[in-house]
Protein chains: 2
Amino acid sequence: MNTMLQTIKYPEKSEWQKILQRPVIDSVSLEETVDGVLIDIRKNGDEAIRKYTKKFDGIDLSNFSVGSDEISNAINNVTEELKAAIQTAKSNIEKFHNSQREKETIIETTNGVECWRRSIAIEKVGLYIPGGSAPLFSTILMLSIPAKIAGCKEIVLCTPPDKNGKVNDAILYTAQLTGITKIFKIGGVQAIGAMAFGTESVTKVYKIFGPGNQYVTCAKQLINKSGIAIDMPAGPSELAVLADTNCVASYVAADLLSQAEHGADSQVILVSDNEQTIAEVAKELKKQLEQLPRRDIATKALANSKAILVNTLAEGMELLNEYAPEHLILACNEPEKIANQVVNAGSVFIGNYSCESAGDYASGTNHTLPTNGYAKSYSGVSLDSFVKKVTFQKLSKEGIQNIGKSIELMAEAEGLDAHKNAVTLRLKSL
Amino acid sequence: MNTMLQTIKYPEKSEWQKILQRPVIDSVSLEETVDGVLIDIRKNGDEAIRKYTKKFDGIDLSNFSVGSDEISNAINNVTEELKAAIQTAKSNIEKFHNSQREKETIIETTNGVECWRRSIAIEKVGLYIPGGSAPLFSTILMLSIPAKIAGCKEIVLCTPPDKNGKVNDAILYTAQLTGITKIFKIGGVQAIGAMAFGTESVTKVYKIFGPGNQYVTCAKQLINKSGIAIDMPAGPSELAVLADTNCVASYVAADLLSQAEHGADSQVILVSDNEQTIAEVAKELKKQLEQLPRRDIATKALANSKAILVNTLAEGMELLNEYAPEHLILACNEPEKIANQVVNAGSVFIGNYSCESAGDYASGTNHTLPTNGYAKSYSGVSLDSFVKKVTFQKLSKEGIQNIGKSIELMAEAEGLDAHKNAVTLRLKSL
């Protein structure tokens, strides 16, 4: 079979784990370097930020804050066509994330004992948006929109400046469109440090969101250990496609390439119950790859990737649940039925017209998703990520009379007499 | 003023941060030791578990699994009175956590573009329950009940054996009552390692929950870095009370002591707008402390604790939002009104009859809550903690026609041509 993907035929279940193994990410080797930068920022604030910005971004900035003139310029420079596209995406993302608001319901668990929970916005959040060759303004939509819906009071955005001290126009346009007013030209580890510890210019935040390279990922891990929350652990982007003869081979190939172009470490996996389908997709892959500007990156990513031939779609879905892909496309017969068998995935794309790039930009779902198998235990970013759910309880006299005895007995059995006494005193006085 | 609590009168807002500072927890110094044990467990499985159980728990066990005879004995040994108390608590916790189920709603963000999310149980979870002087069987209720409601398929429970190789009866009774069948006599770092990596006896899980000492906390942090999710970062338990002349001083004192008895590192904070209230609570504290079995622990905890006199309840609540207490009791006039001003807290107890121990055991709310100021960004354990929320999207032909152009423009502006091409191919074929 002439395929660019390594093809594995009918693997035994016992082999799945080995086949699905991801490349191991070595985070420890960077830790010392990154920790050194963080300590410097914690101690020296803006002065340290300036030093590292000069060193890593090649520009000496005395002021990191993006000014209103820069915003105005950006608004002028972005084409009307792109503005309309961003607004369409914004509208869909808003609709879907608005639907994630939780209603507050009081539950009377026992007569006189009322319990409820309230979603309260995290007051201060920080968003990191990488710059460089691919200015990910779409990620601003994915983070800033739910932050605004949640009601976060301070939203700080950091993004690296280019060598001339400028920030990409689409990034600035999107940031202002979603109502962000605190934008700083700070990149990499410096940005994470500035938001985690606060500096003269940058507000200290309670939670940091956003993608980044291995240095940024390492910095997020380190500040997480010191008590600042982060969106989720990071890893290279991934896509799995479950396809049968109902798929369109050229679509599947295009979807696999859209993932492969992200980076040389991206992983794509094609699972099918039909050998001919795999062959057709492989043929299309080869054809489309030739026309791709980022074909060098995509070729490297495809080298890490696999096509797996299985006996049935159900078996394929079982294998994919073991893999827990970040993105999962179901390009097969009765995709909704298969979708009900999904256990571990970040986001699922159902049917031939649901390409992964729809979710990356404009369908309305969030594109900040768990990679590296984390979909087994982590959710993608949603409105939930920007709130804390605080519980409340109110006991009346009747309430404490109804459950007081139970509390006393349990506290006593745990050897916690003061816990018991807090109830005993109240019961006695009634 | 004769008070056991250090009293601070009318502090300036600029002083709040300093006053509210918590003792710094040094986790780094343990890391090497704990990491050594984890590496050994990863490599040598049950053999290593056996070695450390002998070393740390003083018992040589060849089989860590709790047998059905031990469960039967435990059921016989727990008094009917305590069984009924545990069942009352279970019923309330079930009612409240059942109410946290999320309804699946399909949102059509654009004609032909349907998005929804589904809560899917984390398949394998591990619960750690400390043993020792205070056998925390109540924590089993708090973790196992939402795990069962979520539908987790494998729930593993580890708890340390005593010197005779036994586990506390109430722990075994509660575990079987909530339907846990895999119970292991493994404690401390060994338990965290066994559940994180899996051994011959213990299933590898995807997320680990539960309290523990500084070694357990450190082990959870380390395995979290390697990709296993954990419930939340840990710290010493805390209680803050906002009280005015409407409080009952003896209740407030009892509540403060119920927190102080947890450990010498526990923190309690009393905030009031009335000097006489603080004096009365202090008097009661002294009186009640004398009769407390765990008074040595409580006295030490009170030494770290503070009473703060403020000008108004609103100012007091602002100060408490800055502190972000794990538990917050509102023993004051119109406590519901003040409750609406809560931004940062784990769980809130409203009015004179809502003692903290009610939430610890039986009101229905969860007692696994964010300490150490983490309430600024983390929620307590809830049904959410046991599920992943997976997003789904389904685009029809009309759907991709409606948003296709926007995706193409955004992908192009981000320099991701393969992303664009996945849409272009589809649009062309329609």
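What counts, and where the lines are drawn
- Residues numbered from 1 in each chain as written.
- Chains lettered and ligands numbered in written order.
- Predicted model: local features only at pLDDT ≥ 70, side-chain atom pairs only at ≥ 80, totals over all residues.
- Heavy atoms only, no water.
- Helix = DSSP H or I, 4+ residues; strand = E, 2+ residues; numbered from the N terminus.
- Buried < 20%, exposed > 50% of the residue type's maximum accessible area, 1.4 Å probe, protein only.
- Contact = heavy atoms within 4.5 Å.
- Areas by Shrake-Rupley, 256 points an atom, 1.4 Å probe, with all protein chains shown as cover.
- Lys, Arg positive; Asp, Glu negative; His and termini not counted.
- Charge placed at Lys NZ, Arg CZ, Asp CG, Glu CD.
- Buried area = accessible area lost by both parts, 1.4 Å probe.
- Salt bridge = Lys/Arg side-chain N within 4 Å of Asp/Glu carboxyl O.
- Polar contact = N/O pair within 3.5 Å; in protein donor to acceptor, adjacent residues only side chain to side chain.
- Nonpolar A, V, L, I, M, F, W, Y, C, P; charged D, E, K, R; others polar.
- Axes fitted to C-alpha atoms, helices over the stretch in contact; angles between N-to-C directions.
- Left-handed = near helix turned anticlockwise from the far one by under 90°.
- Least-squares fit on C-alpha atoms with pLDDT ≥ 70 in both.
- Expected span 1.5 Å × (residues − 1).
- Domains from an automatic or database assignment.
- pLDDT = per-residue confidence, 0-100.
- Pairing = 2+ DSSP bridges.
- Phe/Tyr/Trp six-rings, centres within 6.5 Å; stacked < 30°, edge-to-face > 60°.

A. Representation of the overall build of chain A within the structure. Counting its regular elements, chain A contains 16 helices and 14 strands. On the principal axes, the C-alpha backbone points of chain A span a range of 85 × 60 × 45 Å. For chain A, the proportion of its 430 residues judged to be buried stands at 62%. Relative to all contacts within chain A whose residues are 6 or more apart in sequence, the contacts with residues 24 or more apart total 75%. About 16200 Å² of surface is accessible on chain A, with carbon and sulfur atoms providing 46% of the total. Here chain A contributes 45 positive and 51 negative side-chain charges, whose respective centroids are spaced 6 Å apart.

B. Geometry of the side chain of Glu31(B). Tracing the sequence through the fold places Glu31(B) in helix H2 (residues 28–44). Excluding residues within four positions of it along the chain, Glu31(B) makes contact with Lys225(A), Cys218(B) and Leu222(B).

C. Focus on the interface of chain A and chain B. The partner chain B presents 120 residues to the 120 residues of chain A that form the contact. Carbon and sulfur atoms make up 58% of the surface buried where chain A meets chain B, a total of about 10200 Å² over both sides. One can count ten salt bridges joining chain A with chain B. Among the ionic pairs, Lys225(B) bridges to Glu31(A), the shortest N-O distance being 2.8 Å. Linking chain A with chain B are 74 residue pairs in polar contact (both at pLDDT 80 or more). Sort the elements by how many residues they give to the side of chain A that touches chain B and helix H15 (residues 397–413) of chain A lands first, with ten residues. Residue composition of the side of chain A that touches chain B, by class: 57 nonpolar, 38 polar and 25 charged.

D. Main features of the packing of helix H4 (residues 80–98) of chain A against helix H16 (residues 397–413) of chain B. Interhelical geometry of H4(A) versus H16(B) gives an angle of 115° and a closest axis separation of 9 Å. Regarding H4(A) and H16(B), the two cross each other, and that crossing is left-handed. Contact residues: Glu81(A), Leu82(A), Ala85(A), Ile86(A), Thr88(A), Ala89(A) and Asn92(A) in H4(A); Ile403(B), Lys405(B), Ser406(B), Leu409(B), Met410(B) and Ala413(B) in H16(B). Each residue belonging to the contact of H4(A) with H16(B) can be placed in one class, and the counts come to eight nonpolar, three polar and two charged.

E. Molecular detail of the relation of the copies chain A and chain B. Mapping chain A onto chain B leaves a residual RMSD of 0.0 Å; the transformation is a rotation of 180° accompanied by 0.0 Å of translation along its axis. The operation mapping one copy onto its partner corresponds to a two-fold rotation axis.

F. Quick look at helix H10 (residues 275–290) of chain A. All names here are of chain A. Between the first and last C-alpha of H10 there are 24 Å, a value that for 16 residues agrees with the 22 Å anticipated at 1.5 Å per step. Every buried residue of H10 is listed here: Thr277, Ile278, Val281, Ala282, Glu284, Leu285, Gln288 and Leu289. Capping of H10 at its N-terminal end is provided by Asn274; its side-chain oxygen lies 2.9 Å from the backbone amide nitrogen of Gln276.

G. Examining the pattern of salt bridges more closely. All chains considered together, the criterion is met by 46 salt bridges over all chains. Note that Arg118(A) and Glu104(A) form a salt bridge whose closest N and O atoms lie 3.2 Å from each other. Taken together, the residues span a long stretch of sequence, with Arg118(A) in strand E3 (residues 113–121) and Glu104(A) in the loop between H4 and strand E2 (107–110) at a distance of 14 residues. On the basis of relative accessibility, which here comes to 15%, the residue Arg118(A) falls in the buried class. We classify Glu104(A) as partly exposed; its relative accessible area is 39%. By sharing partners, the salt bridges in this structure join Glu102(A), Arg117(A), Asp384(A), Lys389(A), Glu102(B), Arg117(B), Asp384(B) and Lys389(B) into a single network.

H. The domain arrangement of chain A, seen in detail. Splitting chain A by domain gives domain 1 (27–111 + 121–230), domain 2 (235–379) and domain 3 (396–429). A separation of 56 Å is found between the C-alpha centroids of domain 2 of chain A and domain 3 of chain A.

I. Inspection of the environment of Val167(A) at higher detail. All names here are of chain A. Of note, Val167 is situated in the loop between strand E5 (154–158) and helix H6 (169–177). Of the residues examined, Val167 reaches a relative accessible area of 9% and is grouped as buried. Remark: the alpha-carbon pair of Val167 and Lys185, spanning 18 residues in sequence, is separated by 7.1 Å. Residues within four places of Val167 in sequence aside, it is in contact with Thr159, Pro160, Leu172 and Lys185.

J. Representation of the confidence of the model for chain A within the structure. Averaged over every residue, the pLDDT of chain A is 95; the share at 70 or more is 98%. Note on the complex model: pTM 0.96, ipTM 0.96.

K. Here's a closer look at the sheet that holds strand E8 (residues 229–230) of chain B. Residues and elements named next belong to chain B. Strand order in the open sheet formed by five strands is E6-E5-E4-E7-E8, with parallel pairing between adjacent strands. Where the open sheet ends on each side, the last strands, each with one partner, are strand E6 (182–185) and E8. Contacting strand E4 (124–128), strand E5 (154–159) and strand E7 (207–209), helix H8 (residues 188–197) crosses the sheet at an angle of about 175° to E4.

L. Quick peek at the side chain of Lys376(B). Looking at the secondary structure, you find Lys376(B) in the loop between helix H15 (356–361) and strand E14 (387–395). Its relative accessible area of 13% is what places Lys376(B) among the buried residues. Of the polar contacts made by the side chain of Lys376(B), one reaches the backbone oxygen of Glu322(B); its length is 3.0 Å. With near-sequence residues (within four places) excluded, Lys376(B) lies in contact with Ile122(A), Tyr206(A), Lys388(A), Asn321(B), Glu322(B), Ala324(B) and Asn344(B).

M. Representation of the packing of aromatic side chains within the structure. Residue and element names in this part refer to chain A. Applying the stated criterion to the full structure yields ten aromatic pairs over all chains. Aromatic side chains Phe209 and Phe386 sit 4.1 Å apart centroid to centroid with 10° between the ring planes, which places their arrangement in the stacked category. Highlighted residues: Phe209 in strand E7 (residues 207–209) and Phe386 in the loop between helix H14 (356–361) and strand E14 (387–395), separated in sequence by 177 residues. Grouping residues by exposure puts Phe209 and Phe386 together as buried.

N. Inspection of the pairing of strand E13 (residues 347–350) of chain A at higher detail. Judged by which residues are buried, E13(A) turns out to be covered on both faces: Ser347(A) and Phe349(A) on one side and Val348(A) and Ile350(A) on the other are all buried. Across four bridges, strand E12 (residues 327–331) of chain A lies against E13(A) in parallel orientation. Opposite Ile329(A), over in E13(A), you have Phe349(A) as the bridge partner. Across four bridges, E13(A) lies against E14(B) in parallel orientation. Across the sheet, residue Phe349(A) finds its bridge partner in E14(B), namely Gln393(B).

O. Spatial organisation of unusual backbone geometry. Residue and element names in this part refer to chain B. Positive phi, normally seen in glycine, also occurs at Ala324, with a value near 60°. As for its placement among the helices and strands, Ala324 is situated in the loop between helix H13 (313–323) and strand E12 (327–331). In this structure Ala324 comes out as buried when scored by relative accessible area, which is 0%. We note that Glu334 has phi near 45°; this positive angle belongs to a residue other than glycine. With respect to the helices and strands, the residue Glu334 is situated in the loop between E12 and helix H14 (335–339).

P. Molecular detail of the sheet that holds strand E8 (residues 229–230) of chain A. Residue and element names in this part refer to chain A. Taking strand neighbours across the sheet as the criterion, the five strands line up as E6-E5-E4-E7-E8 in an open arrangement whose pairing is parallel. In the strand order of this sheet, the two ends are held by strand E6 (182–184) and E8, each with one partner. With three bridges connecting them, strand E4 (residues 124–128) and E7 associate as parallel partners. Counterpart to Val125 in the pairing with E7 is Lys207.

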